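Fold and contact review
Take a look at the letters that make up each chain.
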Amino acid sequence: QLQLVESGVGLVQAVGSLRISCAASGRTFSNYDTGWFRLCLGMVREFVAAISWSGGRVNEDSAKGRFTISRDNAKNTVYLQMNNLKPENTANYYCAAAIKRIGVLPSGRSEYDAWGQGTQVTVSS
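Here goes a summary of the coordinates provided. (Residues numbered from 1 in each chain as written. Predicted model: local features only at pLDDT ≥ 70, side-chain atom pairs only at ≥ 80, totals over all residues. Heavy atoms only, no water.)

Before going further, it helps to spend a moment on the sheet that holds strand β3 (residues 18-25). Read across the open sheet, the four strands follow the order β1-β3-β8-β7; overall the sheet is antiparallel. The sheet is open, and its two edges are formed by β1 (3-7) and β7 (67-72), each paired on a single side. Sheet twist, expressed as the average angle between the axes of neighbouring strands with direction ignored, equals 20 degrees. By the bridge criterion, six bridges tie β3 to strand β8 (residues 77-82) in an arrangement that is antiparallel. (Pairing = 2+ DSSP bridges. Helix = DSSP H or I, 4+ residues; strand = E, 2+ residues; numbered from the N terminus. Axes fitted to C-alpha atoms, helices over the stretch in contact; angles between N-to-C directions.)

In C-alpha cells, the structure reads:
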C-alpha cells in the first residue's frame, strides 16, 4: 500500500507563503495521481488541488492563482506552494493518492485510495 507522510507544519502571517510536502513510499509513485485536501474546524474535508501522474493540474476555485501543486516523481514527493495566505486558509492539510486513470483527475474524497496523517497550517491575521 502507498504510504504518505506530510511535512511542513507552519505558522505564518497573513499574506505570507508556505510550502508543504508529502513524501510517498511503498509503491511506484508515478502510478498515482495525487491531491491535497484540507480540514477546517467544524467542516468536512475539502478538495484543494490535484496533479496527475503526468503533470496535469486542477485547483479548487479559491486556490487558483495562490496555491500551486507540483510533484517530483524522482523524489516521490508532492508539494503545495501556498502564497498570499489568509486566516481562513488555516486548516489541517492532507495529501492523498489515487491509482491513476487515463483522462480522469480526481477531486472527490472517495476517489482517493491513500491518505497522509495531515499537517497543520495556521495563518495569523
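Among the structural elements, cysteine 40 can be located in the loop between β4 (32-39) and β5 (46-51). It is 27 Å that separates the C-alpha atoms of cysteine 40 and tryptophan 53, two residues lying 13 residues apart in sequence.

If you walk through the whole model with that rule in mind, you get four aromatic pairs. Geometrically, the ring pair formed by phenylalanine 37 and phenylalanine 47 is edge-to-face, given 5.7 Å between the ring centres and 75 degrees between the ring planes. With phenylalanine 37 in strand β4 and phenylalanine 47 in strand β5, the pair connects residues that are ten residues apart, well separated along the chain. You'll find phenylalanine 37 and phenylalanine 47 in the same group, each marked buried. (Phe/Tyr/Trp six-rings, centres within 6.5 Å; stacked < 30°, edge-to-face > 60°. Buried < 20%, exposed > 50% of the residue type's maximum accessible area, 1.4 Å probe, protein only.)

Take the state of the cysteines next. As enumerated under the stated definition, the model contains one disulfide in all. Here cysteine 22 engages in a disulfide with cysteine 95; their sulfurs sit 1.9 Å apart. Taken together, the positions of cysteine 22 in strand β3 and cysteine 95 in strand β9 (residues 91-99) put the pair 73 residues apart, joining distant regions of the chain. There is no split in this pair, since cysteine 22 and cysteine 95 are both buried. Unpaired in this structure, cysteine 40 has its nearest cysteine sulfur neighbour in cysteine 95, at a distance of 17 Å. The buried category is assigned to cysteine 40, whose relative accessible area is 16%. (Disulfide = S-S within 2.5 Å.)

The next thing to look at is the nonpolar core. Of all hydrophobic cores here, the largest spans 28 residues; its most connected members are Trp36, Leu80, Met82 and Tyr93. Of all the elements in the fold, those that place two or more residues in this core are β3, β4, β5, β7, β8, β9 and β11 (119-124). Leave out the neighbours within four places in its chain, and methionine 82 touches Gly16, Ser17, Leu18, Ile20, Arg66, Phe67, Tyr93 and Val121. Phe37, Phe47, Ala50 and Ala98 belong to the second-largest nonpolar core, a separate cluster that totals six residues. (Core = buried A, V, L, I, M, F, W, Y, C linked by side-chain atoms within 4.5 Å. Contact = heavy atoms within 4.5 Å.)

We now examine the pattern of salt bridges. Evaluation of the coordinates by the stated rule reveals four salt bridges. One salt bridge in this structure joins glutamate 46 and arginine 38, with 2.8 Å as the shortest N-O distance. Taking the relative accessible area as the measure of exposure, glutamate 46 reaches 31% and is therefore partly exposed. On the basis of relative accessible area, arginine 38 is assigned to the buried category, the value being 5%. Taken together, the shared-partner salt bridges connect Arg38, Glu46 and Glu60 into one network. (Salt bridge = Lys/Arg side-chain N within 4 Å of Asp/Glu carboxyl O.)

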